[in-house]
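What the coordinates show
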Amino acid sequence: PDSASPRPAHKRASPARARRLEGNLARALLVLALAALSIAMVHSLDKLVALIGGLLGIPLAFVYPLAIHLKLVPDATKSVRIVNLLCIALGLVLGLACTAVTILTW
């Protein structure tokens, strides 16, 4: 092992493992932040759920699956690609509209 490194090479975290740990930490912090926010806003929890649904739920249902389909099936017909792109656009518009309505009616 290199004398400058504190750990032997076989015990150092690989870049892929470090990236995975960073992603897990980010997700854990997001969950904790949302839990703290929902505890703090217990009297308007319906607004918080609507906001999270508009920001995260609609893209999860409409945008991501179609974007993944476009990536996984690059030789799809033009009509399939157009329908996918229209549905992605609809999902983005719905997500923004739901978020805007939630914020405006807060």
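Note that the structure is a prediction, hence the values are computed from the model and not measured. (Residues numbered from 1 in each chain as written. Predicted model: local features only at pLDDT ≥ 70, side-chain atom pairs only at ≥ 80, totals over all residues. Heavy atoms only, no water.)

1. Remarks on the overall build of the protein chain
When its secondary structure is counted, the protein chain shows three helices and zero strands. The proportion of buried residues among the 106 residues of the protein chain is 16%. Taking as baseline every contact in the protein chain between residues at least 6 positions apart, the subset at least 24 positions apart corresponds to 57%. If you sum the accessible surface of the protein chain, you get close to 8,100 Å²; carbon and sulfur atoms cover 73% of it. (Helix = DSSP H or I, 4+ residues; strand = E, 2+ residues; numbered from the N terminus. Buried < 20%, exposed > 50% of the residue type's maximum accessible area, 1.4 Å probe, protein only. Contact = heavy atoms within 4.5 Å. Areas by Shrake-Rupley, 256 points an atom, 1.4 Å probe, with all protein chains shown as cover.)

2. Quick word on a nonpolar patch on the surface
On the surface, Leu60, Tyr64, Ile68 and Leu72 cluster together into a nonpolar patch covering about 460 Å² of accessible area. Assignment of secondary structure puts tyrosine 64 in helix α2 (residues 45-72). (Patch = residues over 30% accessible without salt bridge, like charges linked within 9 Å, V, L, I, M, F, W, Y side chains within 5 Å. Salt bridge = Lys/Arg side-chain N within 4 Å of Asp/Glu carboxyl O.)

3. Remarks on the packing of α2 against helix α3 (residues 78-104)
The geometry of α2 relative to α3 is characterised by a closest axis approach of 9 Å and an angle of 170° between their N-to-C directions. Judged by the angle between their axes, α2 and α3 are roughly antiparallel. When the residues that make up the contact of α2 with α3 are grouped by side-chain class, the tally is 17 nonpolar, seven polar and two charged. (Axes fitted to C-alpha atoms, helices over the stretch in contact; angles between N-to-C directions. Parallel < 35°, antiparallel > 145°, perpendicular 65-115°, else oblique. Nonpolar A, V, L, I, M, F, W, Y, C, P; charged D, E, K, R; others polar.)

4. What about α2?
For α2, spanning 28 residues, the distance from its first C-alpha to its last is 38 Å, which sits close to the expected 40 Å at 1.5 Å a residue. Considering bend angle alone, the principal kink of α2 is centred on leucine 60 and spans about 50°. Every buried residue of α2 is listed here: Leu48, Leu51, Gly54, Ile58, Pro59, Val63, Leu66 and Leu70. Those residues of α2 that are buried lie in contact with α1 (15-40) and α3. (Expected span 1.5 Å × (residues − 1). Bend = angle between axes of the 7 residues up to and from the residue.)

5. Re the side chain of threonine 102
Mapped onto the elements, threonine 102 comes out in helix α3. Residue threonine 102 is classed as buried on the basis of its relative accessible area, which comes to 7%. A distance of 2.8 Å separates the side chain of threonine 102 from the backbone oxygen of cysteine 98, its partner in a polar contact. (Polar contact = N/O pair within 3.5 Å; in protein donor to acceptor, adjacent residues only side chain to side chain.)

6. Some remarks on the confidence of the model for the protein chain
Mean pLDDT for the protein chain: 88, with 88% of residues reaching 70 or above. Looking across the protein chain, the model is least confident in α1, with a mean pLDDT of 90, and most confident in α3, with 95. (pLDDT = per-residue confidence, 0-100.)

7. A word on the side chain of asparagine 84
Along the polypeptide, asparagine 84 turns up in helix α3. At 2.9 Å, the side chain of asparagine 84 forms a polar contact with the side chain of histidine 69. Once residues lying within four places of it in the same chain are set aside, the contact partners of asparagine 84 are Leu66, His69 and Leu70.

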